[in-house]
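A structural walkthrough
Residue strings, one per chain:
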Amino acid sequence: MNKPCKRSQILSLLQKDKVSIAFFQGTHFRAGKIPNLPSKKFSQCFHSAHGSASRGVSIAIHKQLPFTVSASSSDPEGRYLFVKGFIADTPVTLANIYAPNRGQVTWLIQALATLTSFKHGIVILGSDFNMTLDPILDCSSGRSAITHARLRRLKLALKKLGVIDTWRTLNPCHSSYHRLDYLFLSAEHTRQLLHTKIGNISLSDHAPIFLTFSLTTLPKREWNDTLFQDQTISSKLTASISEFFRLNTAGPTPPSPSVIWETHKTVMR
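This write-up is about the structure you can find in this document. (Residues numbered from 1 in each chain as written. Predicted model: local features only at pLDDT ≥ 70, side-chain atom pairs only at ≥ 80, totals over all residues. Heavy atoms only, no water.)

1. Structural notes on unusual backbone geometry
Our working rule: Buried, partly exposed and exposed residues are distinguished by accessible area as a fraction of the type maximum, computed with a 1.4 Å probe on protein chains only: under 20%, between the cut-offs, and over 50%, respectively.
We note that K18 has phi near 55°; this positive angle belongs to a residue other than glycine. K18 gets classed as exposed once you look at its relative accessible area, which sits at 73%.

2. Remarks on the sheet that holds strand β8 (residues 163-165)
Filter applied, for reference: Pairing between strands requires that DSSP locate at least two bridges from one strand to the other. We count a stretch as a helix when DSSP gives it H or I for four or more residues in a row; a strand needs E for two or more, and each element gets its number in order from the N terminus. Between N-to-C directions, angles span 0 to 180 degrees; the directions come from axes that are lines fitted to C-alpha atoms, helices contributing only their stretch in contact. Between two residues, a contact is recorded if the distance between any of their heavy atoms is within 4.5 Å.
With respect to topology, six strands assemble into an open sheet ordered β4-β5-β6-β7-β9-β8, the strand pairing being mixed. Here the strands that pair on one side only, and so sit at the sheet edges, are β4 (67-74) and β8. Each strand axis lies, on average, 20° off the axis of its neighbour in the sheet, ignoring direction. Pairing between strand β6 (residues 90-98) and strand β7 (residues 122-128): seven bridges, direction parallel. Counted as the bridge partner of A95 is L125 from β7. Helix α2 (residues 104-118) rests against β4, β5 (80-87), β6 and β7 of the sheet, and its axis sits at about 25° to β5.

3. A few points about the packing of aromatic side chains
Here is the rule we go by: Any two rings among Phe, Tyr and Trp, with Trp reduced to its six-membered ring, count as a pair given centres within 6.5 Å; such a pair is stacked if its planes are under 30 degrees apart, edge-to-face if over 60, and tilted if neither.
Going through the model one piece at a time under the given rule, you end up with seven aromatic pairs. For the pair F129 and Y182, a centre-to-centre distance of 5.3 Å together with 45° between the ring planes defines the contact as tilted. Placement of F129 in the loop between β7 and α3 (135-138) and of Y182 in strand β9 (residues 181-186) is noted, with a sequence separation of 53 residues between them. Relative accessible area serves as the criterion here: at 0%, F129 is assigned to the buried category.

4. Looking at the sheet that holds strand β2 (residues 44-48)
Strand order across the open sheet formed by three strands is β1-β3-β2, with antiparallel pairing between neighbours. The open sheet has two edge strands with one neighbour each: β1 (21-25) and β2. For this sheet, the mean angle separating the axes of adjacent strands, direction not counted, is 10°. Bridge count between β1 and strand β3 (residues 57-61): five bridges; the pairing is antiparallel. Bridge assignment links A22 to a residue of β3, and that residue is A60.

5. Focus on the nonpolar core
Here is the rule we go by: What is meant by a nonpolar core is a set of buried Ala, Val, Leu, Ile, Met, Phe, Trp, Tyr and Cys residues, joined one to another through side-chain atoms within 4.5 Å.
In this structure, I97, L125, F129 and L154 are the most contacted members of the largest nonpolar core, which totals 27 residues. Listed by contribution, the elements that provide at least two residues to this core are β5, β6, α2, β7, α4 (148-161) and β9. Per-element accounting of this core gives the leading share, eight residues, to α2. Among the nonpolar cores identified, the runner-up in size contains 21 residues, and F46, L65, V83 and L193 belong to it.

The analysis is restricted to geometry; functional conclusions fall outside its scope.
This is the structure we're talking about:
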């Protein structure tokens, strides 16, 4: 994003996709010399930058989103940026993390601990972890240079923060080629998660991730009991439930029962 033409192209895509909050990693802005975005549509922008033109993370908020900031925190290395405030009357924390390509687990655990202490309200975390959380599903080789023990430690840190991997929640069985980028959301707000998708690679070597969720609690949905009388639907539902719990309760450190249950309800809907 350190070139004006690329910033313009990115902002055009954001407007086309009607993005309200954008998380950027690897902006390469230099501390003290951060350019203005070439659009008045995103009236609030927050940055964390390094002394050299490397790393860097930013959060841009559309002017139509009634966000009021109350506090922010960033590191001098341009690796993370946390902003908390309110969208209308709803407390939220917007967090952006860009992990190094070495020593990711140790660094991420420290950053997530800082975020756990800083956060309030709904947490929305955009990130480039520079590693896969689940090598079997998120890496074409099915393997990772990071040991299972270290992966467990990182998952415990995410569990303590109380967030879910939104794309994996709605795509529990879908494999990806090499997933390094994630959008996390507070687990207690899983019911408000409406849609998530991985876009196409265009202006970067990373594909964008999109998340749609409701700030208001959705009304409870009643089951149509007549559906269970259809043997085909009943068999598919039984198979989906079994597969969900098989994938999400395996391993030495599965998510807490409450997280699994809320995620299960979202997937079943």
